[in-house]
Amino acid sequence: MTQPLASADIHMIQRLIPHRYPFLLIDKVRDIDGYQSAVGIKNVSMNEPHFQGHFPGKPIMPGVTIVEAMAQTAAVMVGTALEMQDKDMLVYFMAIDKCKFRRMVVPGDVLEMRLTTVRGKPGGKVWKFAGVASVDGEMACEAEFTAMMDMGGEKAA
């Protein structure tokens, strides 16, 4: 077994989770501490399609996409720790709890998402995470969520 990665760039992220434009919502994941914690980074750009309608003249990142970016960070964290790159890992929301929004996220912001594992272990399917998303140290969102990890099989050659 090789040493698990401590960070994942966009190329590694795409090897771990199936999301692609326009729904790949993280740019990198750093400070990965096994399956215990990680920090996701999202560079918010005006070029993202949701800004065309949310809202014209006052672009604001939808709260649900912030929570989704947090979930993608958690999936990369677990996928990295369990060495799931190039396998068909899918992650499904089961619950979102204690979700609160505190600050608008707008184009030009760098969204930093700090995720920790509340419950889950290698081999387990159901995991629970807690996360805080912030911009320049100011909380934008906090939430807990439960997800099912479908580890799938290796991709066919």
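Up top you'll find the structure we're talking about.
Residues numbered from 1 in each chain as written. Predicted model: local features only at pLDDT ≥ 70, side-chain atom pairs only at ≥ 80, totals over all residues. Heavy atoms only, no water.

Visitor: What exactly am I supposed to notice about the nonpolar core here?
Guide: The nonpolar side chains of soluble globular proteins are, as a tendency, buried together. By size, the foremost hydrophobic cluster in this structure holds 39 residues, and its most contacted members are Met 70, Leu 111 and Phe 129. Those elements that provide at least two residues to this core are helix 1 (10-16), strand 1 (28-33), helix 2 (63-81), strand 4 (110-119), strand 5 (126-135) and strand 6 (138-150). With ten residues, helix 2 is the single largest residue contributor to this core. When neighbours within four sequence positions are excluded, Met 70 is seen to be in contact with Met 113, Leu 115, Gly 131, Val 132, Ala 133, Cys 141, Ala 143 and Phe 145. (Core = buried A, V, L, I, M, F, W, Y, C linked by side-chain atoms within 4.5 Å. Buried < 20%, exposed > 50% of the residue type's maximum accessible area, 1.4 Å probe, protein only. Helix = DSSP H or I, 4+ residues; strand = E, 2+ residues; numbered from the N terminus. Contact = heavy atoms within 4.5 Å.)

Visitor: Is there a simple way to think about the pairing of strand 6 in this case?
Guide: Two faces belong to every sheet, and in a regular strand the side chains alternate between them. Inspection of the sheet shows strand 3 (residues 90-101) paired to strand 6 by nine bridges, in the antiparallel sense. Across the sheet, the residue bridging to Phe 93 is Ala 147, located in strand 6. Note: strand 5 against strand 6, ten bridges, orientation antiparallel. Among the inter-strand pairings, Ala 133 is bridged to a residue of strand 6, identified as Cys 141. (Pairing = 2+ DSSP bridges.)

Visitor: Before we go on, may I ask you to explain the sheet that holds strand 5 in this structure?
Guide: Read across the sheet, six strands follow the order 1-2-4-5-6-3 without closing on themselves; strand pairing throughout is antiparallel. The open sheet has two edge strands with one neighbour each: strand 1 and strand 3. The mean angle between the axes of side-by-side strands here comes to 25 degrees, regardless of whether they run parallel or antiparallel. Where strand 2 (residues 37-43) meets strand 4, seven bridges bridge the pair, whose relative direction is antiparallel. Bridged to Gly 40 within strand 4 is Met 113. Its contacts with the sheet put helix 2 on strand 1, strand 2, strand 3, strand 4, strand 5 and strand 6, and the angle it makes with strand 4 is roughly 60 degrees. (Axes fitted to C-alpha atoms, helices over the stretch in contact; angles between N-to-C directions.)

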